[in-house]
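What follows is each chain in one-letter form.
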Amino acid sequence: MLFRSFDPTGLATPITAKLKLDLHDLVDLKLDWDDAVPASFLDVWVKNLKDIQMLGSVPFRRTIMPDNAANDNIRLIVSCDASEKIAIATVHTQIELVGGGHHVSLLVAKSKLVKGASIPKGELKGAVLAAVLFHVTKRNCGDRFEDVLFVTDSTICLYWIQQDYRPLKATVRNSVIEIRRFTSPDQWFHLDGKLNIADLGTRPAEVSEIMPGTPWQDGPAWMKLDRDLMPLKTAKEITLTAEEKKEAAMELKAPDVSSHFIQGLTGKIAERYSYSKYLVDPCSRPWPKVVRIVAALHRFADNCRNKTRTTESSNPPTVGLIFSLEETKRAEEYFFRKCTLEVR
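Residues numbered from 1 in each chain as written. Predicted model: local features only at pLDDT ≥ 70, side-chain atom pairs only at ≥ 80, totals over all residues. Heavy atoms only, no water.

Visitor: Explain the overall build of the protein here, please?
Guide: Summing up its helical and strand segments, the protein has 10 helices and 9 strands in all. Evaluated residue by residue, the protein yields a buried proportion of 40% over its 344 residues. Looking at the protein alone, contacts between residues at least 24 apart form 72% of all its contacts between residues at least 6 apart. If you sum the accessible surface of the protein, you get close to 19600 Å²; carbon and sulfur atoms cover 55% of it. (Helix = DSSP H or I, 4+ residues; strand = E, 2+ residues; numbered from the N terminus. Buried < 20%, exposed > 50% of the residue type's maximum accessible area, 1.4 Å probe, protein only. Contact = heavy atoms within 4.5 Å. Areas by Shrake-Rupley, 256 points an atom, 1.4 Å probe, with all protein chains shown as cover.)

Visitor: How should I be thinking about the side chain of His103 in this particular structure?
Guide: Looking at the element boundaries, His103 is found in strand β5 (residues 102-113). Overall, the relative accessible area of 19% leaves His103 in the buried class. Contacts of His103, omitting those with residues within four sequence positions, involve Ile64, Pro66, Thr93, Gln94, Ile95 and Leu97.

Visitor: How do you make sense of the sheet that holds strand β6 (residues 145-152) when you look at a structure like this?
Guide: Two pairing modes exist for strands in a sheet, parallel and antiparallel, and in both the strands are linked by backbone hydrogen bonds. Taken together, 5 strands build an open sheet; the order of strands is β5-β4-β3-β6-β7 and the sheet is mixed. Both outer strands of the open sheet, β5 and β7 (188-190), are each paired with one neighbouring strand and no more. Going across the sheet, the axis of each strand differs from the next one's by a mean of 25°, ignoring polarity. (Pairing = 2+ DSSP bridges. Axes fitted to C-alpha atoms, helices over the stretch in contact; angles between N-to-C directions.)

Visitor: How should I be thinking about the packing of helix α3 (residues 119-141) against helix α4 (residues 155-162) in this particular structure?
Guide: Geometry of a packed helix pair, given as the angle between the helix axes and the separation of the axes. At a closest axis distance of 8 Å, the pairing of α3 and α4 adopts a crossing angle of 60°. By the angle class used here, α3 and α4 are oblique. For the pair α3 and α4, the crossing hand works out as right-handed. Packed against α3, whose contacting residues are Pro120, Lys121, Glu123, Leu124 and Ala127, the element α4 presents Ile156, Cys157, Trp160 and Ile161 at the interface. (Parallel < 35°, antiparallel > 145°, perpendicular 65-115°, else oblique. Left-handed = near helix turned anticlockwise from the far one by under 90°.)

Visitor: Explanation requested: helix α9 (residues 287-305) in the structure shown.
Guide: Helix length check: α9 (19 residues) gives 27 Å between terminal C-alpha atoms against 27 Å at 1.5 Å per residue, within 8%. Where the residues of α9 are buried, they touch α10 (325-343). (Expected span 1.5 Å × (residues − 1).)

Visitor: Looking at this structure, how should I read the pattern of salt bridges?
Guide: Any two side chains of opposite charge can pair if their charged atoms end up close together. All chains considered together, the criterion is met by 15 salt bridges. Where Arg305 meets Asp302, a salt bridge forms, and the shortest distance between an N and an O atom there is 2.7 Å. One end of the pair, Arg305, and the other, Asp302, are both in helix α9, 3 residues apart, so they sit about a helical turn from each other. You can call Arg305 exposed: its relative accessible area is 59%. (Salt bridge = Lys/Arg side-chain N within 4 Å of Asp/Glu carboxyl O.)

Visitor: I would appreciate a short explanation of a nonpolar patch on the surface in the present structure.
Guide: Among the surface-exposed residues, Leu29, Leu31 and Val37 lie close enough to one another that they form a single nonpolar patch of about 220 Å² accessible area. By the element assignment, Leu31 lies in the loop between α1 (13-28) and α2 (42-55). (Patch = residues over 30% accessible without salt bridge, like charges linked within 9 Å, V, L, I, M, F, W, Y side chains within 5 Å.)

Visitor: Please explain the confidence of the model for the protein as it appears in this structure.
Guide: In low-pLDDT regions, the fine details of the predicted coordinates are not to be read closely. Looking at the protein, pLDDT values average 84 and 86% of them are 70 or higher. In the predicted structure, residues 310-314 sits below a pLDDT of 50 and forms 5 contacts with residues beyond four places in sequence or in another chain. (pLDDT = per-residue confidence, 0-100.)

Visitor: I would appreciate a short explanation of the packing of α4 against helix α5 (residues 170-182) in the present structure.
Guide: Between α4 and α5, the shortest axis-to-axis distance is 9 Å and the interhelical angle comes to 75°. Here α4 is positioned roughly perpendicular relative to α5, judged by the angle of their axes. Two secondary-structure elements touch here, α4 through Trp160, Ile161 and Gln162 and α5 through Val172, Val176, Ile179 and Arg180. Here the residues of the contact of α4 with α5 sort into 5 nonpolar, 1 polar and 1 charged. (Nonpolar A, V, L, I, M, F, W, Y, C, P; charged D, E, K, R; others polar.)

Visitor: I would appreciate a short explanation of the pairing of strand β4 (residues 86-96) in the present structure.
Guide: Two faces make up the sheet, and in a regular strand the side chains alternate between them. By the criterion of burial, β4 is predominantly enclosed, with 10 of the 11 residues buried. Sheet topology places strand β3 (residues 74-82) next to β4; 8 bridges connect them, and they run antiparallel. Its bridge partner being in β4, Ile77 is matched across the sheet by His92. Between the antiparallel neighbours β3 and β4 lie 3 residues. Between β4 and β5, which pair antiparallel one after the other, the connecting turn spans 5 residues, and Gly99 there sits at a positive phi close to 90°.

Visitor: Can you help me understand the environment of Ile210 in this one?
Guide: Among the secondary structure elements, Ile210 is positioned in the loop between β7 and α6 (215-218). Residue classification places Ile210 among the buried residues on the basis of a relative accessible area of 0%. In this structure the C-alpha to C-alpha distance between Ile210 and Ala12, which are 198 residues apart in sequence, comes to 7.0 Å. The residues contacting Ile210, other than those within four sequence positions of it, are Ala12, Pro14, Ile15, Leu55, Val58, Phe60, Leu200, Trp216 and Gln217.

Visitor: Explain the environment of Leu76 to me, please; I cannot follow it from the model alone.
Guide: Topologically, Leu76 is positioned in strand β3. Measuring from C-alpha to C-alpha, the distance between Leu76 and Val104 comes to 9.4 Å, with 28 residues separating the pair along the chain. With residues up to four places along the chain from it excluded, the contact list for Leu76 reads Val91, His92, Thr93, Phe134, Thr137, Phe145, Asp147, Val148 and Leu149.

Visitor: How do you make sense of the state of the cysteines when you look at a structure like this?
Guide: Linking two cysteines covalently via their sulfur atoms produces the bond known as a disulfide. As enumerated under the stated definition, the model contains 0 disulfides in all. Looking at Cys80, it has no disulfide partner, and the nearest cysteine sulfur is the one in Cys157, 5.8 Å off. (Disulfide = S-S within 2.5 Å.)

This is the structure we're talking about:
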């Protein structure tokens, strides 16, 4: 089998991700060209230079299709993870083998700095990176592409992806829109963080951890299983903790997260509506129209009390009727009285 010693698709991402972070720290110092690098960085960069030298001897498979492949269909498994500083996305191929089982191989990986973001937002940036990376990979696979699944160990990120993007705040909404451009929410699954191979790039990694035969290149054991045996959970199968609900709700314009209720305005309004038992929902129509409807109901009730025979129907229309100032105030006072009782 042929191997390659160069890295055109980011297969050494766990190592180069650390180089990005260390270089970013140097840039933050804003040193001039002639300024010496602080001594505190010496050990870090000596280690980085040694890793760069070692990367030259790391082989990677040139082909992803084994000789005993049952067919040429390619299934993709896209993993993503993030820390407070960097996001990682990987794409592994899963090929069905003759006689059963699957061959798994790393196809491409990528990292992106996400400094300044919270971990859930960093995880969401990682999901965006994964979605875009998948889109490019799918196009290159052509007709051989068969299926894909996405995995993340972030419950908050998964719930944001499942939400309709409209109630989300701008930053998170834009990320979810980008993810939904290239993927479907039902393609995303939750995976335990210990099993997420993308986690390797979010922490300091050694060159030995990306060699042939490692989970990084050959995929973790669970990737070789049939889909129904993989340790994955859908969004409906996981539950946010109280702290996760609170953090997720901070980025929502609506107070619930994918049908998991979070105490907020909606619950209070529903409780008050149930208590007041309005004749007409004051929020269902513009305020002037609601007042006119209640004024018409009051007029009809007064006519019934006075046994006045009128040509008005038992369900009087509000269009075309003219109400006095006294009738309008009476209708408004009906809502004000109900609201006062709600507050009390």
